[in-house]
Amino acid sequence: MVKHTGRPGYLQIADDLREQIRGGSLAPGAPLPSTTQLAEQYDASLSVVKMAVGLLRNEGLVIGQQGKGVYVRDLDSVPGVDLAAEVSELRSAVRDLGERLARVEKKLRS
């Protein structure tokens, strides 16, 4: 379940799925639950779940197969990706965008 910690839900879901993948609960080749199932599991909207899965795709942890679903990639086949650095970079970009959005919203309210 997504917690109300101030941290975006899609990051919480991506973190949990990433942990399951790295911990072996979701083994290479295993399908992720459907978007609908994940939305129910995490009590989140479909768009939030799609963003979380998209993040994992960008990290190279999962791969989508048109009409079949999303599957866990074999981590040994991911070529030299520094996932920690990429996640850190993405988080920084999201934080920056959040701050910029807050400034725009503040101007609009004025």
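Structure: see above.
What counts, and where the lines are drawn
- Residues numbered from 1 in each chain as written.
- Predicted model: local features only at pLDDT ≥ 70, side-chain atom pairs only at ≥ 80, totals over all residues.
- Heavy atoms only, no water.
- Helix = DSSP H or I, 4+ residues; strand = E, 2+ residues; numbered from the N terminus.
- Buried < 20%, exposed > 50% of the residue type's maximum accessible area, 1.4 Å probe, protein only.
- Contact = heavy atoms within 4.5 Å.
- Core = buried A, V, L, I, M, F, W, Y, C linked by side-chain atoms within 4.5 Å.
- Pairing = 2+ DSSP bridges.
- Salt bridge = Lys/Arg side-chain N within 4 Å of Asp/Glu carboxyl O.

Would you mind showing me how to read the overall build of the protein here?
Scanning the protein from terminus to terminus reveals four helices and two strands. Listed N to C, the secondary structure of the protein is α-α-α-β-β-α in terms of helices and strands. Taken along its principal axes, the extent of the C-alpha atoms in the protein is 50 × 35 × 25 Å. Within the protein, buried positions represent 27% of all 110 residues. Within the protein, contacts between residues at least 6 apart in sequence are counted, and of these 56% link residues at least 24 apart.

Please explain the nonpolar core as it appears in this structure.
Looking at soluble globular proteins, one finds that nonpolar side chains tend to be buried together. Counting 22 residues, the largest nonpolar core has Ile13, Leu17, Leu32, Tyr42 and Val49 as the members making the most contacts within it. Elements with a contribution of two residues or more to this core: helix 1 (9–23), helix 2 (35–42), helix 3 (46–58) and strand 2 (69–72). Sort the elements by how many residues they give to this core and helix 1 lands first, with six residues.

How should I be thinking about the pairing of strand 1 (residues 62–65) in this particular structure?
Pairing of strand 1 with strand 2 involves four bridges; the strand directions are antiparallel. In the sheet register, Gly64 faces strand 2, and the bridge partner there is Val70. What sits between strand 1 and strand 2 in their antiparallel hairpin is a turn of three residues, with Gly67 showing a positive phi close to 80°.

For this particular structure, what's the right way to read the environment of Leu56?
Structurally, Leu56 is set in helix 3. Separated by 16 residues in the primary sequence, Leu56 and Val72 place their C-alpha atoms 9.4 Å from one another.

Just to check I follow, could you spell out the pattern of salt bridges for this structure?
Pairing is possible between side chains of opposite charge, provided their charged atoms come close. Within the structure shown, the criterion is met by six salt bridges. One salt bridge connects Arg18 with Glu59, and the closest N-O pair in it is separated by 2.8 Å. Remark: Glu59 occurs in the loop between helix 3 and strand 1 and Arg18 occurs in helix 1; sequence separation between them is 41 residues. The exposure classification of Arg18 matches that of Glu59, with both residues buried. Here Asp96 makes a salt bridge to Arg100, at a shortest N to O gap of 3.8 Å. Placement of the pair is Asp96 and Arg100 together in helix 4 (residues 83–109), with a separation of four residues, close to one helical turn. By relative accessible area, which is 34% here, Asp96 ends up partly exposed. Take Arg100: its relative accessible area is 44%, and that puts it in the partly exposed class. Put simply, Arg7, Asp15, Arg18, Glu59 and Arg91 are held in one network by salt bridges that share partners.

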